[in-house]
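Analysis of the macromolecular model
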Amino acid sequence: MTTISALFYLFSAVLLASSFGVITARSTVHAALFLVLAFFNASCLWMMLKAEFLAITLVLVYVGAVMVLFLFVVMMLDINTEELRVGFWKAFPLAALVGVLIALEMALVLMGGFRVADAPIDPQVAKLGNTRMLGIEVYTNYLYPLQVAAVLLLVAIIAAIALTLRERKDSKAIDPNLALRARKADRLRIVKMAPVIEVASVPPAPPAEPAKDGGKA
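Report follows, based on the coordinates. Keep in mind that what you see is a predicted model, and the values were worked out from it rather than measured.

Here we look at the overall build of the chain
The helix and strand inventory of the chain stands at 10 helices and zero strands. Secondary structure of the chain in N-to-C order comes out as α-α-α-α-α-α-α-α-α-α. Expressed as a percentage of contacts within the chain between residues at least 6 apart in sequence, the contacts between residues at least 24 apart total 54%. Total accessible area on the chain is roughly 19100 Å²; 70% of this is exposed by carbon and sulfur atoms.

Pasting the structure below:
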């Protein structure tokens, strides 16, 4: 067994163990930490496949941003996991059966790719590098799918914000139906009022003080 094969089996074993720990951990924080470990091992596998850009993206985006945010949210909400785990072991056999079927289907689909010898490296890829070639492919041949994905993410963000602020009492959201049905008479009403003129009252002058020393200079 070569060193590369040993590292592959090591990273794969840790990845499977950490993935199993994500769904079996009693604490939500522990499950999130197991998921971070799974992402790290998946990144190592990407590195072994010479996909450096995907490996560093997996670490920076998922581990450095998404999982940190997830941990903050979990620790802030303090979710009671005991109520969520009610009936877990009753549904576990069916869930395990579905998981095994999915794993077998993926193995049947991907098994043919494991028997392929090392693919020849394109000289252009070897010259420019994986990251630059991936950027060229994404922003030329896959530009429209990228824009569609960006629009979908934007819609998901707007929907998440709308669902979050919908039931809050301190929300300043406006119902679009009420805004569309608004009329000019509802927005502005002119009322005629009689003018009121206030006369400024001059305060009386204070009395003069008597001169000192009998009026002598």
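Points about the packing of aromatic side chains
For any two aromatic rings, the description comes down to two numbers: the centre-to-centre distance and the angle of the planes. This model, assessed by the stated rule, comprises three aromatic pairs. Ring geometry for phenylalanine 8 and tyrosine 9: centres 5.7 Å apart, planes at 70 degrees, overall edge-to-face. Judged by its relative accessible area of 52%, tyrosine 9 falls in the exposed class.

Quick notes on unusual backbone geometry
You will see that lysine 50, though not glycine, has its phi angle at about 65 degrees, which is positive. When you line up the elements, lysine 50 lands in the loop between α2 (28-48) and α3 (52-77). Taking the relative accessible area as the measure of exposure, lysine 50 reaches 57% and is therefore exposed.

With respect to the nonpolar core
If you look at soluble globular proteins, the nonpolar side chains tend to sit buried side by side. In terms of nonpolar packing, the biggest core is built from eight residues, these being Ala32, Val36, Phe39, Ala42, Leu58, Val63, Met67 and Leu71. Within the residue set of this core, elements represented by two or more residues are α2 and α3. Setting aside anything within four residues of it in sequence, one finds phenylalanine 39 in contact with Leu58, Tyr62, Val63 and Met67.

A word on the packing of helix α1 (residues 3-24) against α2
Running from amino to carboxyl end, α1 crosses α2 at an angle of 155 degrees, the nearest separation of the two axes being 8 Å. Relative to α2, α1 is oriented roughly antiparallel. Considering only the axes of α1 and α2, their crossing is left-handed. For the pair formed by α1 and α2, the contact residues are Ile4, Leu7, Phe8, Phe11, Ser12, Val14, Leu15, Ser18, Ser19, Gly21 and Val22 on the first element and Ala31, Phe34, Leu35, Leu37, Ala38, Asn41, Ala42, Cys44, Leu45 and Met48 on the second.

Parameters at a glance
- Every chain is numbered on its own, with residues counted from 1 as its sequence reads.
- Reporting of local features is limited, given that this is a predicted model, to residues whose pLDDT is at least 70; pairs of side-chain atoms are given and counted only at 80 or more, and all residues count toward the totals for whole chains, interfaces and linings.
- No hydrogens and no water enter the side-chain calculation; it runs on all heavy atoms of the structure.
- To qualify as a helix, a DSSP run of H or I must reach at least 4 residues; to qualify as a strand, a run of E must reach at least 2; elements of each kind are numbered from the N terminus.
- We call two residues in contact when some of their heavy atoms are within 4.5 Å.
- Computed by Shrake-Rupley with a 1.4 Å probe, the accessible areas treat only the displayed protein chains as cover when residues are assessed.
- The pairing test for Phe, Tyr and Trp rings, Trp by its six-membered ring, is centres within 6.5 Å, and the orientation test on the planes gives stacked under 30 degrees, edge-to-face over 60, and tilted for anything in between.
- Throughout this description, buried means an accessible area under 20% of the type-specific maximum (1.4 Å probe, protein chains only), exposed means over 50%, and partly exposed covers the range between.
- By convention a nonpolar core is built from buried Ala, Val, Leu, Ile, Met, Phe, Trp, Tyr and Cys residues, the set being connected through side-chain atoms within 4.5 Å.
- For helices, the fitted axis covers only the stretch in contact; all axes are lines through C-alpha atoms, and the angles between them, taken along N-to-C directions, range from 0 to 180 degrees.
- Any angle that is under 35 degrees is reported as roughly parallel, and any over 145 degrees as roughly antiparallel; angles of 65 to 115 degrees are reported as roughly perpendicular and all others as oblique.
- In this scheme the crossing of two helices becomes right-handed for a clockwise turn of the near helix relative to the far one and left-handed for an anticlockwise turn of less than a right angle.

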